[in-house]
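So you can see what is in the structure, the chains are spelled out below.
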Amino acid sequence: GGLWHQSCCYEFPSYTFGAVYIDGGSAQINNTLIEKNSTFGLWLKNSSSTQIASTEFKENPGTAERPAAVYIENSSPTIKNSLFQGNVIGILAENYSAPTIKDNQFTQNTTPIQINSLLTNIDNNTFQNNSNNGVLVRGFGFSGSSQEINWEKINAPYFIDAALTIPAGYKLKVKPGVEIKLLD
């Protein structure tokens with residue numbers, strides 16, 4: 001089950017869970033404009049196969065705790081060929097989410113992408129005129145099933161703004177070419 005949106009550009013009222021909230025289901029969202037919601041533009045929770053393509057996320061502030069246009073929680077969507085513009089955070093992936101974020105454009109956001117695990121597949125995105133042109137990392141994503149994490153090169157820097165810990169018995173492999181910057 002799920003929801004199909006194609007070529008829609010209607011104005012929806014703002015809801016607590018965002019313009020579109022998917023919990024346990026999946027969706028295909030194509031050629032859609034999601035903008036100016038008072039919370040998330042899209043909230044994905046426990047969704048494994050949602051596909052988002054050629055969609056524009058503009059000026060979606062998220063919530064005070066999670067100021068994101070797209071909030072991903074324990075989900076593995078594919079987001080490609082989309083535009084994220086004027087958001088506080090373009091994509092926020094938490095709770096062992098493993099999204100594929102590919103061929104998107106991030107412009108005029110404070111933080112284009114924020115992740116709390118390196119389970120994310122990020123490839124061939126462009127970052128322009130954001131406060132930080134890259135990916136903010138807030139955790140590595142170690143769990144009982146993920147005791148070894150690879151930190152892959154993404155052709156943009158990763159930013160770290162707090163100490164990150166590798167627990168005893170776990171391994172982090174930083175791949176050649178990975179660029180890591182510390183924020184003040």
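Residues numbered from 1 in each chain as written. Predicted model: local features only at pLDDT ≥ 70, side-chain atom pairs only at ≥ 80, totals over all residues. Heavy atoms only, no water.

Here we take up the overall build of the protein chain. Helix and strand counts for the protein chain stand at zero helices and 21 strands. At 16 Å, the protein chain has a C-alpha radius of gyration in line with the 16 Å of a compact globule built from 184 residues. By its C-alpha atoms, the protein chain is 50 × 35 × 30 Å across when sized along the principal axes. Every one of the 184 residues in the protein chain was classed for burial, and the buried ones make up 46%. In the protein chain, the proportion of contacts linking residues at least 24 apart, taken out of those at least 6 apart, comes to 38%. Accessible area of the protein chain: about 9000 Å², with a carbon and sulfur share of 44%. (Helix = DSSP H or I, 4+ residues; strand = E, 2+ residues; numbered from the N terminus. Rg over C-alpha atoms; globule rule 2.2 N^0.38 Å. Buried < 20%, exposed > 50% of the residue type's maximum accessible area, 1.4 Å probe, protein only. Contact = heavy atoms within 4.5 Å. Areas by Shrake-Rupley, 256 points an atom, 1.4 Å probe, with all protein chains shown as cover.)

Next up on the list: the pattern of salt bridges. Under the definition given, this model contains five salt bridges. Its salt-bridge partner being R66, residue E94 comes within 2.9 Å of it at the nearest N-O pair. Here the residue E94 occupies a position in strand β11 (residues 89–94), and R66 occupies one in the loop between β7 (56–58) and β8 (68–73), the gap between them amounting to 28 residues. Taking the relative accessible area as the measure of exposure, E94 reaches 16% and is therefore buried. Look at R66 and you get partly exposed, because its relative accessible area is 31%. Residues E179 and K181 are paired through a salt bridge, measuring 3.6 Å at the closest nitrogen-oxygen approach. (Salt bridge = Lys/Arg side-chain N within 4 Å of Asp/Glu carboxyl O.)

So, on to unusual backbone geometry. Phi angles above zero are rare outside glycine, and K36 is one such case at about 55°. Following the sequence through the fold, K36 ends up in the loop between β4 (33–35) and β5 (42–45). The exposure class assigned to K36 is exposed, which follows from its relative accessible area of 56%. If you check the backbone angles, N81 has positive phi at about 50° while not being a glycine.

With respect to topology, eight strands assemble into an open sheet ordered β2-β5-β8-β11-β14-β17-β19-β21, the strand pairing being parallel. Whereas interior strands pair on both sides, the edge strands pair on one side only; in this sheet they are β2 (20–23) and β21 (180–182). In this sheet, neighbouring strand axes are inclined to one another by 15° on average, regardless of whether the strands run parallel or antiparallel. Two strands pair when backbone bridges link them, and β11 and strand β14 (residues 111–115) are joined in this way by four bridges, in the parallel orientation. Following the sheet pairing, A93 is matched in β14 by I115. (Pairing = 2+ DSSP bridges. Axes fitted to C-alpha atoms, helices over the stretch in contact; angles between N-to-C directions.)

Chain-level pLDDT for the protein chain is 87 on average; 90% of the residues reach the 70-or-more range. Across residues 1–15 the pLDDT falls below 50, and counting only partners more than four positions away or on other chains, this stretch makes 25 contacts in the model. (pLDDT = per-residue confidence, 0-100.)

Attention now goes to the pairing of β2. Of the two faces of β2, only one is covered, namely that formed by V20 and I22; the face formed by Y21 and D23 stays uncovered. Alignment of β2 against β5, held across four bridges, turns out to be parallel. Bridging across to β5, D23 finds its partner in K45.

Before going further, it helps to spend a moment on the packing of aromatic side chains. A full pass over the atoms with the stated rule returns eight aromatic pairs. Measuring from centroid to centroid gives 5.6 Å for W43 and Y71, while their planes differ by 55°, and the two rings are tilted. Of this pair, W43 sits in strand β5 while Y71 sits in strand β8, and the two are 28 residues apart along the sequence. Like W43, the residue Y71 is buried in the burial classification. An aromatic cluster of three or more residues is present, and its members are Y21, F40, W43 and Y71. (Phe/Tyr/Trp six-rings, centres within 6.5 Å; stacked < 30°, edge-to-face > 60°.)

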